[in-house]
Structure formats: structure tokens, C-alpha cells
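# Chains, contacts and geometry: an overview
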Amino acid sequence: MNDTNYMMQAIEVAAAARLRTSPNPWVGCVIITTDGQAFTGATEAPGGRHAEIVALDAASLANAQLQGATVYTTLEPCNHQGRTGPCTEALINAQVARVVSAITDPDSQVGGQGFQALRNAGINVEIGLCADLVNEQLRPYLHHRTTGRPFVILKMATTLDGRTAAADGTSQWITGETARVASHQMRAESDAIVVGARTVRTDNPSLTTRLVDGPSPQRIVLGSVALDANVHPCLEWDQSLPDLLDTLGQEGVLQVMVEGGATVAASFHRENLVNRYVVYIAPAIMGGADGTPLFSGHGAASIDRMWRGSITSTRMVGDDIEIVIDNNSR
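Now for a description of the structure that goes with this document. Treat the numbers as computed from the prediction; the structure is a model and nothing was measured.

Analysis parameters
- Residues numbered from 1 in each chain as written.
- Predicted model: local features only at pLDDT ≥ 70, side-chain atom pairs only at ≥ 80, totals over all residues.
- Heavy atoms only, no water.
- Pairing = 2+ DSSP bridges.
- Helix = DSSP H or I, 4+ residues; strand = E, 2+ residues; numbered from the N terminus.
- Buried < 20%, exposed > 50% of the residue type's maximum accessible area, 1.4 Å probe, protein only.
- Salt bridge = Lys/Arg side-chain N within 4 Å of Asp/Glu carboxyl O.
- 1 Å grid on protein atoms, 1.4 Å probe; cavity = no way out; pocket = protein on both sides within 12 Å on 5 of 7 lines; lining within 4 Å.
- Points joined across faces, edges and corners; volume = space filled by probe spheres on them.
- Nonpolar A, V, L, I, M, F, W, Y, C, P; charged D, E, K, R; others polar.
- Right-handed = clockwise from strand over helix to strand, strands pointing away.

### Quick word on the pairing of strand β2 (residues 38-42)
In terms of strand pairing, strand β1 (residues 28-32) meets β2 through five bridges, oriented antiparallel. Pairing of Cys29 across the sheet is with Gly41, part of β2. Here β1 hands over to β2 after five residues, with Gly36 in that stretch at a positive phi of 90°.

So this is what it looks like as C-alpha cells:
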């Protein structure tokens, strides 16, 4: 195997830790000893070991010779004392010879200091391998550390003719079971979920991850709802959306999922607060203009003022189509 293969393995290991590490990044590590033994590690829950330490401990438990080993890690090793000790210190003490990392950690406590500490100890450091893949894998974390706000995903389900609910307000269910499972997986990957009070009154959702094995996000309602609503316990928010994102960012929320409805979706969109749009399109047609559109209110006044993003992926999800669009201005 070559460097790329080992880094791809580290990326796979990191993916398995996605649901347990927030607000810390989900990092993967692979250590290859001089005699070819391989040991892997992924970041544990907050307060637990970082990926590099997990891999080092696995090697030590196997009585492997770490001197001269090569370490592949998806993110720059930390060089500060937090809940755990510096990963750089452990790597230096293990006398590894080479560290291959995908990207620099933008966190103010790291920011290149980890790489410098390794180089100062005589360890060969190489940066940039599979950087595009890791930048995407850690995008919520990187966005939070560079902006102070969570990464915002707006998820919408629509018919082919762009309707999210019928004229009587009913919307369950536009898409099929497979798309709903995918949505619940997105919830599990999000630290918080936002809906409007009208959606709660109409659909009385629980906003849990009951269809997947993963943690349910913190629930936030824009407005106030009845005490017996399924969404409780929740935060009822009546201030501005930017203030909400600032507050959540300060609390360590890395990713927020917005589930609408049309008024909430339009509010986030018009204030340019959405980083990623995920739209599920069902093979269904409402057949008229009296249903609820994706966004409420007035749209662009002319074609040259229309918002445009970049489609980053499309796939079939059961009988529905999932389209992911990124906001290039965010």
C-alpha cells in the first residue's frame, strides 16, 4: 500500500467517529511500523483520547516497535493541554519518523503549532495528502473554527412542481421511507435542529433520530409552542437568526439542520445564512398553485438577481432524488 491508501484508511476510520466527537473534530489515524504492522485510531467522545493516542495505545498494547514509524492522520495533531495531553508530545516520545497529515487545524490553539513542534523534534512532516476529501469530511468543524458559527444545512422535501405541502397544510409524507431515513441520518450528524412554530402546530414533529442509530439533536423552535408539543424539551427562540447562530456557535454547536417550513426556509435563505441546501424531490405532482412552495414570500425581482449555488452531488434515495447544493458565497 502507498501513502494515499493509508490516508484513505484514516478517512474511513474518522467517518466511523462522526456521531460521537462533537464539538471536537472526527479524526482518523493510521500508524505503520517499520516492520509493516498497522494500527488505527479514531477520536473518542469529548474527554476521551484523540485519534493519534488511540492508535499509539493500540501499538503499545501489541508491543510494536514505534521508533521510525509513519503516522497518517486526517488533521494536524494538537500541541496543547486540554482535557487530554498534547498528541505531538506522545508522537515525539514514541520516536516516530514521519507524520503525513491532510490539513492544518484552524483552531486558534493549534493552527500549525502541532506541525512545528513535530518538525522541531526532527520528525518529517508532510501536509496536503487527500486534503480535498478531509476538507469536505470536516467541513462543519472547519467552518465553526473559522467563523465562530455552526455550519447550516437547509433540508427540504418537495414535489416535482415545487410544493412542500398541500392546500390543507398536510405534508406527511411527500418523500418515501428511504429519504426519511437519510434525513434522520442528517439529524444525527447535526448538533441542533431548527423548525418554525407553525410547523410544530401543523405536524407536531418529535424531531428525533428514531429511524437511525444516532443521537438526537438539540431542538430549537422559532416562536413558542404548546407545552404538550412533541418537540419538547426545546429552546423557543424569539430573537434574530444571526444571534441564534452566534449563540449556538459559542456553545460549541458545529452543525445546524433547518427543517423549515417555507417561512423559516425563506428567512434563512434571504439572510444568506445557509451553507448547504439538501433537497429531496419526490416523483409526485401537486398539480396546482394552491400548495405551499419551498419558500414563502417574494422571490428575486428579475432573473439576473436570482440566487445560484453549486450542485455538489445528486443521487437516488429510494424513489426520490437527493440534490445537494452548496452556497458559494458562504
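### Comments concerning helix α10 (residues 262-270)
Every buried residue of α10 is accounted for by Ala262, Val264, Ala265, Ala266 and Phe268. Of the residues one or two after α10, Asn272 is the one with positive phi, at around 55°.

### Overview of the pattern of salt bridges
Applying the stated criterion to the full structure yields twelve salt bridges. The salt bridge partner of Glu136 is Arg276, with a shortest N-O separation of 3.0 Å. Of the two residues, Glu136 is situated in helix α5 (residues 131-137) and Arg276 in strand β12 (residues 276-281); the sequence distance between them amounts to 140 residues. Here Glu136 falls in the partly exposed class, since its relative accessible area comes to 39%. Judged by its relative accessible area of 12%, Arg276 is buried. Salt bridges sharing common partners tie together Glu136, Arg139, Arg276 and Asp326.

### Some remarks on the layout of surface pockets
Estimated volume of the largest pocket: approximately 1000 Å³. Lining the largest pocket are 42 residues, with Thr199, Asp203, Glu259, Gly260 and Gly261 sitting closest to its centre. Secondary-structure elements contributing two or more residues to the lining of the largest pocket are β6 (151-158), β7 (163-165), α7 (177-189), β8 (192-196), α8 (197-203) and α10. Along the lines of polarity and charge, the residues of the lining of the largest pocket split into 16 nonpolar, 18 polar and eight charged.

### Thoughts on the pairing of strand β4 (residues 98-103)
Of all six residues in β4, six are buried, a share of seventy percent or more. Both strand β3 (residues 70-75) and β4 contribute to a ladder of five bridges, which runs parallel. The residue of β4 that forms the bridge with Thr73 is Ser101. In the sheet, β4 pairs with strand β5 (residues 124-127) via four bridges, with the strands oriented parallel. Bridging across to β5, Ser101 finds its partner in Ile127. Handedness of the crossover joining β4 and β5 through helix α4 (residues 113-120) is recorded here as right-handed.

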